[in-house]
Amino acid sequence: MIQPHRTGQIIVGLDRSGHDHVVLAAALDHVRHTASAVRVVHAIPPDTATAMAPTDAVTRAAWSADRHARHQTATEDLRRHLTRTTDDLGAHIAIDYDVRHGDPATVLLSSARHADLIVIGTSGSGHRSPFLLGTVSQDIAVHATCPVLLVPTN
């Protein structure tokens, strides 16, 4: 089996939840030991009501403007969150970030094709069993081509 070329990069999946700081702290702790580069990825999941681009020009323009506005808002929120979290943790490290539209597991797996590690939170029903994962973390754990660090968020 041919192994993909690794980049020395850690991909951190954040979902703009209240637990992102825990996931990012775990990734930065790993970075302190490996000197890896960090890339934070956030996926804007498709809105099932508007997943298909409309066909008429007026509706398509409004749809496109809404999609762009959601992307801009998510990017700005993520940038502020990363600055605040790294300041709080006293971490002096450059963090690259990317916001994309799409299924979160697919976006993260695509971003991590050549990564050394994926760090994500487990937002599943952990209060019932520590072995249950959310659908995104389960998909990533099963399909990733690199190690995955699952950070409990409860």
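Note: the structure precedes this text.
A few points on the structure. (Residues numbered from 1 in each chain as written. Predicted model: local features only at pLDDT ≥ 70, side-chain atom pairs only at ≥ 80, totals over all residues. Heavy atoms only, no water.)

## Section: the overall build of the protein chain
Secondary structure assignment for the protein chain yields 4 helices and 5 strands. Each helix and strand of the protein chain, placed in order from N terminus to C terminus, yields the pattern β-α-β-α-β-α-β-α-β. Classification of the 154 residues of the protein chain by burial places 34% in the buried group. Residue pairs in contact within the protein chain that sit at least 24 positions apart in sequence constitute 77% of those at least 6 positions apart. Accessible surface, the protein chain: about 9,100 Å² in total, of which carbon and sulfur atoms supply 56%. (Helix = DSSP H or I, 4+ residues; strand = E, 2+ residues; numbered from the N terminus. Buried < 20%, exposed > 50% of the residue type's maximum accessible area, 1.4 Å probe, protein only. Contact = heavy atoms within 4.5 Å. Areas by Shrake-Rupley, 256 points an atom, 1.4 Å probe, with all protein chains shown as cover.)

## A word on the environment of His-68
Assignment of secondary structure puts His-68 in helix α2 (residues 57-89). As for His-68 and His-101, which are separated by 33 residues in sequence, their C-alpha atoms are 9.9 Å apart.

## Some points on the packing of helix α1 (residues 20-34) against α2
Close contact between α1 and α2 brings their axes to 11 Å; oriented N to C, the two are set at 60°. One element, α1, and the other, α2, form an angle in the oblique class. As α1 packs across α2, the resulting crossing turns out to be right-handed. Counting all contacts with α1, which are made through Asp-20, His-21, Leu-24, Ala-25, Leu-28 and Arg-32, the residues of α2 involved are His-81, Leu-82, Thr-85, Thr-86 and Leu-89. (Axes fitted to C-alpha atoms, helices over the stretch in contact; angles between N-to-C directions. Parallel < 35°, antiparallel > 145°, perpendicular 65-115°, else oblique. Left-handed = near helix turned anticlockwise from the far one by under 90°.)

## Some details on the nonpolar core
By size, the foremost hydrophobic cluster in this structure holds 20 residues, and its most contacted members are Val-12, Val-40 and Val-119. Looking at this core element by element, the count peaks at 5 residues for α1. Here Val-12 is in contact with Val-23, Leu-24, Ala-27, Val-38, Arg-39, Val-40, Val-41 and Val-119, once residues within four sequence places are set aside. (Core = buried A, V, L, I, M, F, W, Y, C linked by side-chain atoms within 4.5 Å.)

## Details of the sheet that holds strand β2 (residues 37-44)
Ordered in space as β3-β2-β1-β4-β5, the 5 strands form an open sheet in which the pairing is parallel. Of all strands in the sheet, those with a lone pairing partner are β3 (95-101) and β5 (148-152), marking the two edges. For this sheet the average axis-to-axis angle between neighbouring strands, irrespective of direction, equals 25°. In the sheet, strand β1 (residues 9-13) pairs with β2 via 5 bridges, with the strands oriented parallel. Within the sheet, the bridge partner assigned to Gly-13 lies in β2 and is Val-41. Packed on one face of the sheet, α2 meets β2 and β3 and runs near 155° to β3. Contacts between helix α4 (residues 135-143) and the sheet are confined to β4 (117-122) and β5, with β4 contributing the most and set at about 155° to the helix. (Pairing = 2+ DSSP bridges.)

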